[in-house]
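Fold and contact review
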Amino acid sequence: MPGPAWLVLPTFNEAENLEAIVRAAREALAPAAPDGYRILVVDDSSPDGTGRIADELAEAHEEVSVLHRPAKGGLGRAYLAGFDTALRGGAGHVMEMDSDFSHDPADLARLLAAARKGADLVLGSRYVEGGGVTEWHAMRRAVSRGGCWYARTALGLDIRDLTGGFKCFRREVLEAIDLPTVRSQGYAFQVELTYRAIKAGYRVKEVPILFRDRQAGTSKMNARIALEAVWKVPALKLRLR
Ligand SMILES: Nc1nc2c(ncn2[C@@H]2O[C@H](COP(=O)(O)OP(=O)(O)OP(=O)(O)O)[C@@H](O)[C@H]2O)c(=O)[nH]1
Ligand SMILES: [Mg+2]
């Protein structure tokens, strides 16, 4: 019997979103996770008090816990710390999701179901049939699709959405991909994890999702994090050859 499904929620200034995200995630996971579930908030000392809200949620719900980190260290570092806690806690599956409602928490059930049916890594995908993006203007759409095409072509992978951050890993995949040596941050972090999983021989399944812009709070994405992916992708190929 696999261990429980762990959802890792990275937060930096998500005070307006966190309570609602955790509520929606609990509603989605309770019926979908027969082996149980845990929700781990990884907060980097958000100045807006997200960490305190997370502590209150952990107090109120036994399946919720919090990892407090001393300073903003970026999304990639936050996820690696969360994965480590989840694996040590006996997770059977580990899930990633943004905490800003760009990813619909209701989709957690479909991602977990696909993993329980046998996929090693499930990607919530904007760019397969049935998936998509709402509210984005033409330029942002073009940049996102171009970035996915670039990574797919450079790495020679048959994956439509390599930069998304809505995922479900089987525990064995995270154990196999040598997490301490993962160095990338934003989009490149997502590309690197999927690339490593495929190189290690694991089966990836893309399930369609609809991605929407955050409704509350502010973005932490910036040009530096986006551009990191441009040079990290070929570097990744060389390094993991
Ligand atoms: N713990 C932690 N979480 C972070 C950090 N940076 C971003 N996050 C979280 O990671 C998720 C994605 O970050 P966003 O700011 O939404 O970035 P994005 O989704 O690429 O950009 P938008 O499209 O503008 O929303 C959110 O849940 C953030 O709160 C960080 O340094 N530490
Ligand atoms: Mg976002």
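This text goes with the structure placed above it.
Residues numbered from 1 in each chain as written. Chains lettered and ligands numbered in written order. Predicted model: local features only at pLDDT ≥ 70, side-chain atom pairs only at ≥ 80, totals over all residues. Heavy atoms only, no water.

Describing the pairing of strand β4 (residues 93-96)
On a regular strand, one side chain projects to one face of the sheet and the next to the other, so that they alternate. A two-sided burial pattern is seen for β4, the buried positions comprising His93 and Met95 on one face and Val94 and Glu96 on the other. Pairing analysis gives four bridges linking strand β1 (residues 5-11) to β4, with the strands arranged parallel. Across the sheet, the residue bridging to Val8 is Glu96, located in β4. Bridging between β4 and strand β7 (residues 167-170) involves four bridges; their strand directions are antiparallel. Following the sheet pairing, Glu96 is matched in β7 by Lys167. (Buried < 20%, exposed > 50% of the residue type's maximum accessible area, 1.4 Å probe, protein only. Helix = DSSP H or I, 4+ residues; strand = E, 2+ residues; numbered from the N terminus. Pairing = 2+ DSSP bridges.)

Brief notes about the site of ligand 1
Close to ligand 1 lie 19 residues; Glu14, Asp100, Arg214, Ser219 and Lys220 are nearest. Within the side chain of Asp44, a nitrogen or oxygen atom sits 2.8 Å from a nitrogen atom of ligand 1. Here an oxygen atom of ligand 1 and a side-chain polar atom of Arg140 are 3.3 Å apart. For ligand 1, the accessible surface in isolation is 630 Å², of which the surrounding protein chains cover 93%. Taken atom by atom, the bulk of ligand 1 overlaps the largest pocket. For the shell around ligand 1, the secondary structure elements donating two or more residues are β1 and α3 (75-88). Per-class residue counts for the shell around ligand 1 are six nonpolar, five polar and eight charged. (Near = heavy atom within 4 Å. Polar contact = N/O pair within 3.5 Å; in protein donor to acceptor, adjacent residues only side chain to side chain. Areas by Shrake-Rupley, 256 points an atom, 1.4 Å probe, with all protein chains shown as cover. 1 Å grid on protein atoms, 1.4 Å probe; cavity = no way out; pocket = protein on both sides within 12 Å on 5 of 7 lines; lining within 4 Å. Sits in = over half its atoms within 2 Å of the grid points. Nonpolar A, V, L, I, M, F, W, Y, C, P; charged D, E, K, R; others polar.)

Observations regarding the layout of surface pockets
Its volume calculated, the largest pocket comes out at about 1,200 Å³. What lines the largest pocket is a set of 49 residues, among which Leu75, Asp98, Tyr187, Met221 and Ile225 lie closest to the centre. Looking at the lining of the largest pocket, the elements that each hand over two or more residues are β1, α3, α5 (138-155), α7 (187-199) and α8 (223-239). For the lining of the largest pocket, the class distribution of residues is 20 nonpolar, 16 polar and 13 charged. (Points joined across faces, edges and corners; volume = space filled by probe spheres on them.)

Considering empty space enclosed by the protein
For the coordinates displayed, the defined rule picks out one cavity of 30 Å³ or more. Taken as a whole, the largest cavity encloses approximately 40 Å³ of empty space. Gly3, Pro4, Ala5, Ala33, Pro34, Asp35, Gly36, His93, Leu112 and Arg116 are the residues that line the largest cavity. Along the lines of polarity and charge, the residues of the lining of the largest cavity split into five nonpolar, three polar and two charged.

Comments concerning the pairing of strand β5 (residues 121-125)
Burial of β5 is extensive: five of the five residues sit out of reach of the surface. Of the two faces of β5, the one holding Leu121, Leu123 and Ser125 and the one holding Val122 and Gly124 are both buried throughout. Examined bridge by bridge, β5 and β7 share three bridges and lie antiparallel to one another. Paired with Val122 across the bridge in β7 is Cys168.

Examining the sheet that holds strand β2 (residues 37-43)
Spatial strand order, β3-β2-β1-β4-β7-β5-β8: seven strands in an open sheet with mixed pairing. Of all the strands in the sheet, just β3 (64-68) and β8 (204-208) have a single pairing partner and so form its edges. Shown here is a sheet whose adjacent strand axes are inclined to one another by a mean of 20°, direction ignored. Seen against the sheet, helix α2 (residues 50-60) touches β1, β2 and β3 and runs at an angle of roughly 150° to β3. Lying on the sheet, α3 is in contact with β1, β2, β3, β4 and β7; it crosses β1 at an angle near 155°. (Axes fitted to C-alpha atoms, helices over the stretch in contact; angles between N-to-C directions. Contact = heavy atoms within 4.5 Å.)

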